[in-house]
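# Summary of the model geometry
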Amino acid sequence: MRLPNAMSDPDEFREFSKVELAILDLDGTLLSSSDDVPLSGAWDLRLGVVNRLKGRGVPLSIATGRAAFGAFPIISAVSRNKDLPFIIYNGGVVLTSSGTILHSVHIEMGAVREIVRTIEELGASVLTYWIAYSFDGRLEKEWAVFHGGSSPPHREFNGLPVSLPESLQSGAICVAALAWSDDPDVQLNIANGLSGVEEISLTRSGSKYVEIRPFGSSKAQGLNVMLSSIDISAHSVMAIGDNDNDIELLSSVGFGVCVSNASDGARAASRFQADYPSTSGAIQALQIVARAKRLFSK
């Protein structure tokens, strides 16, 4: 179903006045590219609608596959509440912008070893992502650890420095992994090779990467943790996404919205579709909530 637009009957906006929380994917949704950062002038429209929603009592949060290192700058720009939870590692970790971890799910060491062995046998590469807690339950440190036959990159796409396995501190847990190859045939073999590994699930975000999660982990599971801490029903949530790693999230809320260039899976999981791709589509959906609140909220 298409979102209402400027030519729509005002009554078509009414149900959007029920939205109490908006949660967005980052890459391909709120962000149009990897170098799309809040310091640029292109963010003026986004920050304007965020402030309008804040004025109407609708907080905004993030659900992303990124590490905290890559998500925190965006959270700092769009969240006006340091205690509002957000989701990273595709649901593997839920934490507040002050760094308090509310929930984490990890991949057991046996499964990590099997992932690394499978990837290395295929001649592909993988980054395993690890976190450590501080004594008071805050995120203390995170690592992106490289395994594979090629030379490791200096930094991964979040900007997080890439480490070797021996750099991990005792007690760190693996919360996600990212496997890739530039060869399309090997990409297919990665998914097939990992399909038999227990305790993990696979998803994608439209690139050459295969995203590896702890079994049962998803952005939707992360949202359930978040909602339990802020007393909001999933029926009152608008989720906006663009790809397969958003499917569970989009289908679990009252207002699932995909941008116009979304994957087939994300489209099928969404109740509404924006008229525009990526950032423009996300802004359209948020503006509709702001308008509905202005028209119909007391």
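Anything mentioned here points back to the structure above.
Below is a short write-up of the structure. (Residues numbered from 1 in each chain as written. Predicted model: local features only at pLDDT ≥ 70, side-chain atom pairs only at ≥ 80, totals over all residues. Heavy atoms only, no water.)

### Some remarks on the side chain of Ser61
To keep it simple, the criterion reads: In this description a helix means any DSSP run of H or I spanning at least four residues, a strand means any run of E spanning at least two, and both kinds are numbered starting from the N terminus. Note on classification: 1.4 Å probe, protein chains only; a residue is buried when its accessible area is under 20% of the maximum for its type, exposed when over 50%, partly exposed between these limits. Should any heavy atoms of two residues lie within 4.5 Å, those residues are counted as being in contact.
Here Ser61 lies in strand E2 (residues 60–62). Here Ser61 falls in the buried class, since its relative accessible area comes to 2%. Excluding its chain neighbours within four sequence positions, the residues that come into contact with Ser61 are Leu21, Ala22, Ile23, Leu24, Leu84, Pro85, Phe86 and Met226.

### Topic: the pattern of salt bridges
Threshold: Definition used for salt bridges: Asp or Glu carboxyl oxygen within 4 Å of a side-chain nitrogen of Lys or Arg.
All told, the structure shown has 12 salt bridges when counted by the stated rule. Asp11 is the salt-bridge partner of Arg14, the closest N and O atoms lying 2.8 Å from each other. We classify Arg14 as partly exposed; its relative accessible area is 42%. The shortest N-O distance in the salt bridge between Arg138 and Asp136 comes to 3.5 Å. Overall, Arg138 belongs to the partly exposed group, its relative accessible area being 32%. Through salt bridges with shared partners, a single ionic network connects Asp25, Lys219 and Asp246.

### What to know about the environment of Val50
As for its position among the elements, Val50 is in helix H1 (residues 44–55). By relative accessible area, Val50 is classed as buried at 6%. Spatially, the C-alpha atom of Val50 lies 41 Å from that of Val116, the residues being 66 residues apart in sequence.

### Concerning the environment of Glu12
Residue placement: Glu12 occurs in the segment before strand E1 (21–24). Residues Glu12 and Ile173 lie 161 residues apart in sequence; the distance between their C-alpha atoms is 47 Å.

### Digging into the environment of Asp27
Defined as follows: Two N or O atoms form a polar contact when they lie within 3.5 Å of each other; inside protein one atom must be a possible hydrogen donor and the other a possible acceptor, and for residues adjacent in sequence the pair counts only when both atoms belong to side chains.
Along the polypeptide, Asp27 turns up in the loop between E1 and H1. When residues no more than four places from it in sequence are discounted, the contact partners of Asp27 are Thr64, Arg66, Phe157 and Asp242. Polar contacts involving the side chain of Asp27 include one to the side chain of Arg66, which spans 2.7 Å.

### A look at the sheet that holds strand E13 (residues 255–258)
Cut-off, in case you're wondering: For two strands to pair, DSSP has to find at least two bridges joining them. Interaxial angle, 0 to 180 degrees, is taken between N-to-C directions of lines fitted to C-alpha atoms, where a helix line uses only the stretch in contact.
What the five strands build is an open sheet, ordered E2-E1-E12-E13-E14; its pairing is parallel. For this open sheet the edge positions go to E2 and strand E14 (272–273), each flanked by a neighbour on one side alone. Looking at chain direction, E1 and E2 are connected through three bridges and run parallel. Considered in E2, the bridge of Ala22 is made with Leu60. Its contacts with the sheet put helix H8 (residues 278–296) on E1, E2, strand E12 (237–241) and E13, and the angle it makes with E12 is roughly 165°.

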